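This is what each chain is made of:
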Amino acid sequence: DGRGRVNGAHHNTFPDISRQCEAEVVWLHHGVHVDTLASWQNPQYGGVSPPPRKKRKQSSEDTSSSTDNMQQQTQHQHSQQQQQAANGASEVQHNGQTDGCEGNTAEAQNGVREEESSPKLSVVQQEMVRLIGQHLVELGLKKSAELLMSESGCRLDHPAAARFRHCVMNGEWTKAETALTELRTMLDDPSSLTEMHFLLLEQKYLELLESGQVLDALTCLRSQLTPLKHNMDRVHQLSSLIFMSNPEELRTAARWTGMGKDSRKELMDRLQHFLPPSIMLPPHRLETLILQAVEQQRTQCAYHNTRSDSQVSRGGDDDSTQRYAKVLGSGGSLLMDHSCSRNAFPGTTVQILADHCDEVWIARFSPDGSKLATGSKDSTVIIWDVDPETLTVTRRFTLDGHSYGVVYLAWSPDSSKLIVCLQEEAAELVVWDTERGEQICKVSNSPDDSLT
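In what follows, the accompanying structure is described. (Residues numbered from 1 in each chain as written. Predicted model: local features only at pLDDT ≥ 70, side-chain atom pairs only at ≥ 80, totals over all residues. Heavy atoms only, no water.)

### What about the nonpolar core?
Note that soluble globular proteins tend to have their nonpolar side chains buried in a common cluster. Quick note on the threshold: Only buried residues count toward a nonpolar core. Its members are Ala, Val, Leu, Ile, Met, Phe, Trp, Tyr and Cys residues joined through side-chain atoms within 4.5 Å. The classification of residues rests on relative accessible area computed with a 1.4 Å probe and restricted to protein chains. Under 20% of the type maximum is buried, over 50% is exposed, and intermediate values are partly exposed. Strands here mean DSSP runs of E at least two residues long; helices mean DSSP runs of H or I at least four residues long; both are numbered from the N terminus.
Core analysis: the biggest nonpolar cluster contains 21 residues, and Phe164, Val168, Leu183, Met196, Leu200, Leu267 and Leu271 have the highest contact counts within it. Sorting the residues of this core by element identifies α7 (159-169), α8 (173-182), α9 (192-210) and α13 (261-272) as the ones contributing at least two each. Membership of the second largest hydrophobic core comes to 17 residues, among which are Leu209, Ala217, Leu221 and Leu241.

### Digging into the pattern of salt bridges
Our working definition: By convention in these notes, a salt bridge is any Lys or Arg side-chain nitrogen within 4 Å of a carboxyl oxygen on Asp or Glu.
This model, assessed by the stated rule, comprises 14 salt bridges. Between Lys265 and Asp269 there is a salt bridge whose closest N-O contact spans 3.7 Å. Of this pair, Lys265 and Asp269 both sit in helix α13, 4 residues apart, which is roughly one turn of that helix. Its relative accessible area of 34% is what places Lys265 among the partly exposed residues. One salt bridge connects Arg298 with Glu295, and the closest N-O pair in it is separated by 2.8 Å. In this pair, Arg298 and Glu295 both sit in helix α14 (residues 285-300), 3 residues apart, roughly one turn of the helix. Residue Arg298 is classed as buried on the basis of its relative accessible area, which comes to 13%. One salt-bridge network, held together by shared partners, links Lys371, Asp385, Arg396 and Glu435.

### A look at unusual backbone geometry
In this structure, Asn231 takes a positive phi of about 50° despite not being glycine. Relative to the assigned elements, Asn231 resides in the loop between α10 (214-225) and α11 (232-240). Its relative accessible area of 38% is what places Asn231 among the partly exposed residues. Located in the positive-phi region is His284, a residue other than glycine, with phi close to 55°. Turning to its location among the elements, His284 is positioned in the loop between α13 and α14.

### Overview of the environment of Thr178
For Thr178, the position within the fold is in helix α8. For Thr178, a relative accessible area of 47% gives the class partly exposed. Expressed as a C-alpha distance, the spacing of Thr178 and Cys167, which sit 11 residues apart in the sequence, is 9.7 Å.

### Looking at the sheet that holds strand β8 (residues 417-422)
The condition that has to hold: When DSSP finds two or more bridges between a pair of strands, those strands are recorded as paired. With axes taken as lines fitted to C-alpha atoms, and helix axes fitted only over the stretch in contact, angles between N-to-C directions fall between 0 and 180 degrees.
Spatially, 4 strands are ordered β7-β8-β9-β10 in an open sheet, and the strand pairing comes out antiparallel. Of all strands in the sheet, those with a lone pairing partner are β7 (406-411) and β10 (438-444), marking the two edges. The sheet shows a mean angle of 20° between the axes of neighbouring strands, direction not considered. As paired elements, β8 and strand β9 (residues 428-433) share 5 bridges and run antiparallel to each other. Counterpart to Leu418 in the pairing with β9 is Trp432.

### Observations regarding α11
Two residues of an α-helix separated by three or four positions point the same way, owing to the 3.6 residues in each turn. The following threshold applies: Summarising the geometry, the arc corresponds to the directions from the helix axis toward the C-beta atoms. Contacts are assigned to residue pairs with any non-hydrogen atoms lying within 4.5 Å of each other.
Turning to α11, its buried residues number three or more, namely Arg234, Val235 and Leu238. Down the axis of α11, the sector holding all buried residues measures 105°, keeping them to one side. Residues Asp233 and His236 are exposed on α11 and point more than 90 degrees away from its buried face. Tucked into the core, α11 has its buried residues touching α9, α10 and α12 (247-254).

### Section: the sheet that holds strand β6 (residues 393-399)
Taking strand neighbours across the sheet as the criterion, the 4 strands line up as β3-β4-β5-β6 in an open arrangement whose pairing is antiparallel. Edge positions in the sheet fall to β3 (360-365) and β6, since each of these pairs with one other strand and no more. Pairs of neighbouring strands in the sheet enclose a mean axial angle of 25°, with direction left out of account. Pairing of strand β5 (residues 381-386) with β6 involves 6 bridges; the strand directions are antiparallel. The residue of β6 that forms the bridge with Asp385 is Thr394.

Put into structure tokens, the structure is as follows:
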């Protein structure tokens, strides 16, 4: 009768059938399909047909029970949907049907629910978000940068600066001049506005020349560039380019890469230096900070060998790859601090210098690495030329005439001069020209004093 009970008239005749039918009806109630007809016709039950089912009215108890079961099923399905969404599932069931999700909702992205409001970020955190966003744009990941800015509630650049960049990169020079006027009040140095305007018009003039619009270029030169009265030497040079018909000759004479995305990007990088960071970030700012940190770690490394830096294989042609390769060195990584093994430090004798007649007390390489100076107890200083390929030295000059042994040497920053300090008994120091091997002067004190 639909509730797991068998009509009383047949209950005694078929007791096993009634128990079998109860089990099957219960399973059917939970949504599992059971072929009850096959069980009634099973040979072990005599192969008889089931008795006719009597119709009965559904009681209020049955109705409430059925309603409760339906509510439980609905709640169960709803909880399953929430669990699937929380786990990042790509399909959600609605009323027994499966709908494919596009993956654009916050629930389908790594299982993270979208918050109603953006997170509250400190000033430093906002600056970090802006740096990351700028780097993403430089890598060409513009959609990722837009999503980052939208979710964080930050903005990469000031709206006026963003419009200015857009106009410059698209070659919309009239609109770019208007946008530049809007930035006037935001500049730290208002006088830099003239330089920015000049750079803008210079790019416009060169692009007009390359595209063959000579009359428009001449108008730009006479009516816009010249009235600025700024960098007139460059204006005169630009005016001489108007007679050049060959684009290659034009680029070479103007020291310009030509019309297109690359030259406009170079222009934008130059213009950005005049804008405060709060308005527009300096170009490649995140990359600059990272390379500075790596360079600082390399400077503090006790066993770093700079020769390995010159042997780094170049992994790419772009400037960014070259900069990273130069600073990181061979096998370097941003994922860990810079550290050189003690075993990698040079430990093999390449050359022995035996030109001094007594003990060598001091040796100093010049700042540019091209020369080596050695001072000895024999009162002489020898200047050596350093071969950067073989890393060997050859004797260049011998600086003599000192009255005492040489205890200290100091190079000038440009590696052209050398100060020689003598033993404590000496009351003088000597300054030498290391390019010509000539003495420049002596600095003396009272005989009762000593220079150390």
